[in-house]
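These are the residues of each chain, in order.
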Amino acid sequence: MLKIAKYVIYDILRSKVLIAYTLFLLVISFSLFALETDGAKSIVSLLSIVLIIVPLISIIFTTTYFYNSYEFIELLVAQPLARNTILLGEFLGVALSMAATFFIGIGIPVLIYASSSTGMILLLAGIVLTLSFISIAFFASVAMRDKAKGIGLSLLLWFYFSVIYDAIVLAFLFSFSDYPLDRAVIALASLNPIDMARLMVLMKLDISALMGFTGAVYKQFFGSSFGLFYTIGIMLFWITLPLLASVRIFKKKNL
Amino acid sequence: MKLRCLFYTLFFSLFCKATTVTLCKDCPVQNFKQALQVIKPYDTLVIKKGTYTCINETIYKPITIIGESLPVLDGKQMDEILVVMSNDVHLFGLAIANSKCGSMKDYAGLRVFKARNVIIENCQLTNTFFGIYLSDSKCITVKNCSGKGAHYGKSDTGNGIHLWKCDSISITGNHLEGHRDGIYLEFAKHCTIESNLCERNFRYGLHFMFSDNDTYSNNTFTGNGTGVAVMYSKGVHMFNNKFLNNWGDAAYGLLLKDMSNGIIKNNIFQNNTIGVTMEGGTNMRFEKNDFVQNGYGLKVMANCRLDTFVLNNFSGNTFDASTNGELKENLFEKNYWDKYEGYDLNHDAIGDIPYRPVSLYSVLVDQMPYAIMLMRSFTIDLLNKAEKNIPSIVPETFIDNKPIMKMIKRR
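All of these numbers come straight from a predicted model, not from anything done at the bench.

So, on to the overall build of chain B. Along the backbone of chain B there are four helices and 38 strands. With the principal axes as the frame, chain B shows a C-alpha extent of 85 × 45 × 35 Å. Counting only residues that meet the buried cut, chain B has 55% of its 411 residues in that class. By sequence separation, contacts in chain B at least 24 residues apart represent 49% of the contacts at least 6 residues apart. Averaging the locations of the 44 positively and 40 negatively charged side chains of chain B gives two centres separated by 6 Å.

This part covers the state of the cysteines. Residue and element names in this part refer to chain B. Summed over the entire model, instances satisfying the criterion amount to one disulfide over all chains. Cysteine cysteine 166 is unpaired, with the sulfur of cysteine 191 as its nearest cysteine sulfur at 6.6 Å. Looking at the unpaired cysteine 198, the closest cysteine sulfur is the one in cysteine 145, lying at 13 Å.

Looking now at the interface of chain B and chain A. Between chain B and chain A, the contact holds 27 residues from the first and 36 residues from the second. Buried area between chain B and chain A, summed over both chains or domains, comes out near 2,700 Å², and the portion from carbon and sulfur atoms is 72%. Three residues, B:Tyr370, B:Met373 and B:Arg376, lead the burial of chain B against chain A; their summed loss comes to 31% of the area buried on that side. Seen at the junction of chain B and chain A, the total is zero salt bridges. In terms of residue class, the side of chain B that touches chain A is made up of 14 nonpolar, ten polar and three charged.

The next subject is the side chain of A:Asn192. Its place among the elements puts A:Asn192 in the loop between α8 (182–190) and α9 (193–202). Among residues more than four places away in sequence, those in contact with A:Asn192 are A:Phe161, A:Tyr165, A:Asp166 and A:Trp238.

Another point: the nonpolar core. One recurring pattern in soluble globular proteins: nonpolar side chains tend to sit buried together. Of all hydrophobic cores here, the largest spans 184 residues; its most connected members are B:Ile120, B:Tyr216 and B:Leu256. Broken down by element, the residue count for this core peaks at 14 residues, all from helix α6 (residues 117–143) of chain A. Excluding anything up to four places from it in sequence, B:Ile120 contacts B:Leu91, B:Leu110, B:Val112, B:Ile132, B:Leu134, B:Thr141, B:Val142, B:Lys143 and B:Cys145. Residues B:Tyr107, B:Ala108, B:Phe129 and B:Tyr133 belong to the second largest nonpolar core, which totals five residues.

Another aspect to go through is the packing of helix α3 (residues 39–68) of chain A against helix α7 (residues 147–175) of chain A. Residues and elements named next belong to chain A. The contact between α3 and α7 brings their axes to 10 Å, and the two run at 165°. What the angle tells us is that α3 and α7 run roughly antiparallel. α3 and α7 meet at a crossing whose hand is right-handed. Touching Ile52, Pro55, Leu56, Ile59, Ile60, Thr63, Thr64, Tyr67 and Asn68 of α3 are Lys147, Gly150, Ile151, Ser154, Leu155, Leu157 and Trp158, all from α7. Of the residues that constitute the contact of α3 with α7, the class distribution is ten nonpolar, five polar and one charged.

Summed over the entire model, instances satisfying the criterion amount to one cavity of 30 Å³ or more. The calculated volume of the largest cavity comes to roughly 80 Å³. Residue lining of the largest cavity: A:Ser48, A:Leu51, A:Ile52, A:Ser162, A:Asp166, A:Ile194, A:Asp195, A:Arg198, B:Arg376, B:Ser377, B:Phe378 and B:Asp381, and that is the complete set. Looking at the lining of the largest cavity, the elements with two or more residues in it are α3, α7 and α9 of chain A together with α4 (378–389) of chain B. A breakdown of the residues in the lining of the largest cavity according to their chemical character gives four nonpolar, three polar and five charged.

Residue and element names in this part refer to chain A. The element α9 is extensively covered by neighbouring structure, given that ten of its ten residues are classed as buried. Taken together, the buried positions of α9 are Pro193, Ile194, Asp195, Met196, Ala197, Arg198, Leu199, Met200, Val201 and Leu202. Measuring from the backbone nitrogen of isoleucine 194 back to the side-chain oxygen at the start of α9 gives 2.9 Å, which picks out asparagine 192 as the cap.

Okay, the pattern of salt bridges next. Residues and elements named next belong to chain B. Under the counting rule described, the total for this entry stands at 16 salt bridges over all chains. For lysine 165, the salt bridge identified is with aspartate 136, shortest N-O distance 3.7 Å. Pair noted here: lysine 165 is in strand β16 (residues 161–172) and aspartate 136 is in the loop between β13 (130–135) and β14 (138–143), with a separation of 29 residues, a long-range link. Take lysine 165: its relative accessible area is 47%, and that puts it in the partly exposed class. For aspartate 136, a relative accessible area of 27% translates into the label partly exposed. With its nearest N and O atoms 3.7 Å apart, the salt bridge here joins lysine 257 to aspartate 258.

Residue and element names in this part refer to chain A. One pass over the full model with this rule turns up 37 aromatic pairs over all chains. Aromatic pair phenylalanine 61 and tyrosine 65: ring centres 6.2 Å apart, planes at 15°, arrangement stacked. Taken together, the residues phenylalanine 61 and tyrosine 65, both in helix α3 and four residues apart, mark about one turn of the helix. Given a relative accessible area of 9%, phenylalanine 61 falls into the buried group. Assessed through its relative accessible area of 9%, tyrosine 65 is described here as buried.

What counts, and at which threshold
- Residues numbered from 1 in each chain as written.
- Chains lettered and ligands numbered in written order.
- Predicted model: local features only at pLDDT ≥ 70, side-chain atom pairs only at ≥ 80, totals over all residues.
- Heavy atoms only, no water.
- Helix = DSSP H or I, 4+ residues; strand = E, 2+ residues; numbered from the N terminus.
- Buried < 20%, exposed > 50% of the residue type's maximum accessible area, 1.4 Å probe, protein only.
- Contact = heavy atoms within 4.5 Å.
- Lys, Arg positive; Asp, Glu negative; His and termini not counted.
- Charge placed at Lys NZ, Arg CZ, Asp CG, Glu CD.
- Disulfide = S-S within 2.5 Å.
- Buried area = accessible area lost by both parts, 1.4 Å probe.
- Salt bridge = Lys/Arg side-chain N within 4 Å of Asp/Glu carboxyl O.
- Nonpolar A, V, L, I, M, F, W, Y, C, P; charged D, E, K, R; others polar.
- Core = buried A, V, L, I, M, F, W, Y, C linked by side-chain atoms within 4.5 Å.
- Axes fitted to C-alpha atoms, helices over the stretch in contact; angles between N-to-C directions.
- Parallel < 35°, antiparallel > 145°, perpendicular 65-115°, else oblique.
- Left-handed = near helix turned anticlockwise from the far one by under 90°.
- 1 Å grid on protein atoms, 1.4 Å probe; cavity = no way out; pocket = protein on both sides within 12 Å on 5 of 7 lines; lining within 4 Å.
- Points joined across faces, edges and corners; volume = space filled by probe spheres on them.
- Polar contact = N/O pair within 3.5 Å; in protein donor to acceptor, adjacent residues only side chain to side chain.
- Phe/Tyr/Trp six-rings, centres within 6.5 Å; stacked < 30°, edge-to-face > 60°.

Here you go:
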């Protein structure tokens, strides 16, 4: 598995797409920190990058990479190797290189300019978000045989998680606003890794406005140590679940 | 009013042929009760360092009491400590400690009742239920005193400086901490409250009730339970104050309720859940204030009218403003809003398109508080942008027609 991961990382490094991505993140985050003297404000701007761009790049890159290395995977399948080893190896390679990219691109500027607990939470949220979207991308690309369809599905999933889902939540809140919704809202947030990451960082950031009576409910939940474990648990769940599903499909798949 | 106070002081000082009585452990006069009996009007009582029992002692004569190196008048938690019922009493440098606490009577460390022209300076109040309690009095100065609330438990704390039916009181340079309200005014007119620091009081830093024509300036209110409340008062002027760090469910920097003809100028509202809440304000003028890093900068209820907001800075607030309906007859002009995205083609430093400080999202949050979980969501940003271009839900009249392009520098 590790050997496959190693080859995948070599392959990714050769293609230079990720290097460009790293540079892009570096430029954006350094210029954000340079423009704004207040570190907390730059974190807010970085948050929107982390919530929109990072999942998008992760999911698109992974899907295209998977289809491009389809022949390599076919070759590996012909070897005496278990199929789940092959897929997990591929995942590990992509995940390690993407996480490293994120860490260099956003992590280093954050560590230099805003190494507060908020910055750390932002990094954690970003890395977990990267991993879960890679995992979702694996699911989409294993599920679809056709490359165009696979990329289409990935894009649709990204769009669903970053835009449509929140609109659905808004509609839900609007229709049931007469009921006590605090638990429901926490459950709703758990169903979307982007929302989960956003709340994680928000609990550190916009505490003043969140402190209203509902804010207090969230703060009480997410601010507690149980809440932190819950958040991390749900995020891990979002990494493992699509991956397990893709392993399941890949095992039985007719290549 | 101040002139009249001065006149009285000068007038009475003509009759001063003062002798001095000294109170100390080895003096002929050894306890405070005796000292009050011995002393003649317009005499000076000097108290040397030490602790003296003083349980509900009343001053009936116009005297001056000077404490040397902060002698302690100890009430032993039996009753009130010191009561002033005479005009022209001057108290300097006394430490007043340990009053009783109760729910039937407002026990005070130092009570001034039906007196005029009293000066209280450099006094220190510790462990008192109410600190300084002024009632039915005129021309009183409380200067450079400090008060630390008693630890009887949260619900059993009185006010630091309490004014009831007073006129022309000056409260300057005091430090009040851990009381229910730092400074409380009820039916107090023509008062000046200046350069005080009120922090960590359980309810309000400063609390006005039915007190007209007062001025408070250069004060700092920080970390109080729910901020500063000014209610049911006319013509209150608030200048150069700082309202800081009021966090919590119902916390705000400044709460204005049923106010009229007030001026709020050059204040700073920073790090509050809500900077200013105004309910039922008429003819209020907000000028040159800074609203920085609050949850909400401004909450103006729809029952406010004829109010003016000019030359204020709004920056770093999560929501600049919010309201609960259609605002009528209020003017917002020439304010700086950091979320303004307009342009200035003719370079007159005023934006060419109007700014609406109430965003769609703040209206949504107002109607369904749980929507706060969607804060900073991409979807919400999209909705806000769409609403900004074609406003339909946000209040039509909550609008700044001449927003300023650059932040106004104050200092």
